[in-house]
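# An overview of the molecular structure
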Amino acid sequence: MAKASILTPRADDFPRWYQDLIAKAELADNGPVRGTMVIRPYGYGLWERMQAEMDARIKETGTQNAYFPLLIPQSYLTREADHVEGFAPELAVVTHGGGKELEEPAVVRPTSETIVNEYFSKWVQSYRDLPLLINQWANVVRWELRPRLFLRTSEFLWQEGHTAHATYEEAREFAAHIQRDVYGDFLEHVLAMDFVSGRKTLKERFAGAVNTLTLESMMGDGKALQMVTSHELGQNFAKPFNTRYLSKDGTQEYVWQTSWGSTTRMIGALVMTHGDDNGLRVPPRLAQIQAVVLAIKGEEAVLAKVREIGERLRATGIRVHVDDRTDIPFGRRAVDWELKGVPVRVEVGPRDLENGTAMLVRRIPGGKEPVALDAVAGLLPAILQEDQALLLKQSRERRESRTADVSTIGEAVEAVTAGGWARIPWATLGEEGEAALAEHAMTVRCLLAEDGSVPEDGDAPSNVAVVARAY
């Protein structure tokens, strides 16, 4: 008799499967205010691992962490016209504090370009102060009308980088460096997630930027998700905030700037990219628990052996958890770890001890086999490396197999409606075609050069548009 399904099958109802998995893997819960969320310890542990990996990469660029206030004077946002227009519908505004009406309303941070520039204009005096490279880990509020846990919430966690440079060329190269060597490296080598690297169209560009670079990934249902963005701000914020420096030639010059960010949306992407009908599948390099050692029965010899195996694995550098909660049925615990996507389970019971073996269960490719107890620690490093590579391979194969090259808008709509992406010449699509796609709830996710690289010019006639439905 087939066991009852714990999750709604993805093929039956992908959104319901996603919500089931978030709840049953204990990643998050809905907050008391509509659009907010409570991130549970297992979900927050994933974010902590993401933070650690990205923070190391960010610091390798010479960027330092700082912190700016959550509340921003409303007048700051009005100094850059495109910026305030772009964010106005999403703003949360504080009008009262301490029982009194505020002299000036304060906006709850939707992003920090304005307040950062208020202080950059004080900190930057000379060319010797440049480049100024700052990052902060914080929360932001953007009032969300159609919330979905991790993907779209009114409050979410993120990192936002802000930099000031002496020249346009330096700023442009730094934005590309962040996209390629921080975000791209992290997605590929930690999240094991395939992506397309491109630039946004004018319509999709960040409010106040002169160019937005993006990494877009295909989820399990064929929709796109914007993973991260890196923006060239030009001098659009430097001029209204008077962020200038004294050049080597003795002239006052405005700085050139970038901003870039990634959010807890990546946890949702992790679920939708690697999850299956049995739950999460966490890439080993990301996993806070790479291997769990389970005692099947509460006999002293079994408990001693699982603890010994745990210590051996820990000594090899593997992040391990010993589950000796034998007052909870073994089947329930095994299903729980399966839902949470721990890459490897090592199961030990009385019969295993008699045979000198443990049952090795691999979450990512599936399957299980008995292995010698003394061999477990030696086998796991290679297994984890193999499983990391498999997830990336599966992610890449999904995108490649479900992306169609088309020559008309109708063909693009047909390909996306079938559950994939379309690539169409930008010269064929253009801004009019982009508007037509919106009628089908489809967008241009990014523009690519003819060879698939990031185009230098968004209006180059040889550019290709990547079209999809998106979260």
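Residues numbered from 1 in each chain as written. Predicted model: local features only at pLDDT ≥ 70, side-chain atom pairs only at ≥ 80, totals over all residues. Heavy atoms only, no water.

### Points about the pattern of salt bridges
Under the counting rule described, the total for this entry stands at 33 salt bridges. Across the salt bridge formed by arginine 10 and aspartate 277, the nearest N and O atoms sit 3.3 Å from each other. Taken together, the residues arginine 10 in the segment before helix H1 (14–24) and aspartate 277 in the loop between helix H7 (265–274) and strand E15 (291–295) connect sequence positions 267 residues apart. Between glutamate 118 and arginine 79 there is a salt bridge, with the nearest N and O atoms lying 3.4 Å from each other. Of the two residues, glutamate 118 is situated in helix H5 (residues 113–123) and arginine 79 in the loop between helix H3 (74–77) and helix H4 (81–87); the sequence distance between them amounts to 39 residues. For arginine 79, a relative accessible area of 34% translates into the label partly exposed. Connected via shared salt-bridge partners are Glu26, Arg40, Asp336 and Lys340. (Salt bridge = Lys/Arg side-chain N within 4 Å of Asp/Glu carboxyl O. Helix = DSSP H or I, 4+ residues; strand = E, 2+ residues; numbered from the N terminus. Buried < 20%, exposed > 50% of the residue type's maximum accessible area, 1.4 Å probe, protein only.)

### Side note on the sheet that holds strand E18 (residues 357–362)
Spatially, the five strands line up as an open sheet ordered E16-E15-E17-E18-E19, and their pairing is mixed. Single-partner strands in this sheet number two, and they are strand E16 (320–323) and strand E19 (368–372). Looking at each pair of strands side by side, their axes are set apart by 25 degrees on average, direction ignored. Where E15 lies against strand E17 (residues 344–348), five bridges are found, and the strand directions are parallel. Across the sheet, the residue bridging to alanine 291 is valine 344, located in E17. Sheet contacts for helix H11 (residues 376–401): E15, E17, E18 and E19; angle to E18, the most-contacted strand, approximately 10 degrees. (Pairing = 2+ DSSP bridges. Axes fitted to C-alpha atoms, helices over the stretch in contact; angles between N-to-C directions. Contact = heavy atoms within 4.5 Å.)

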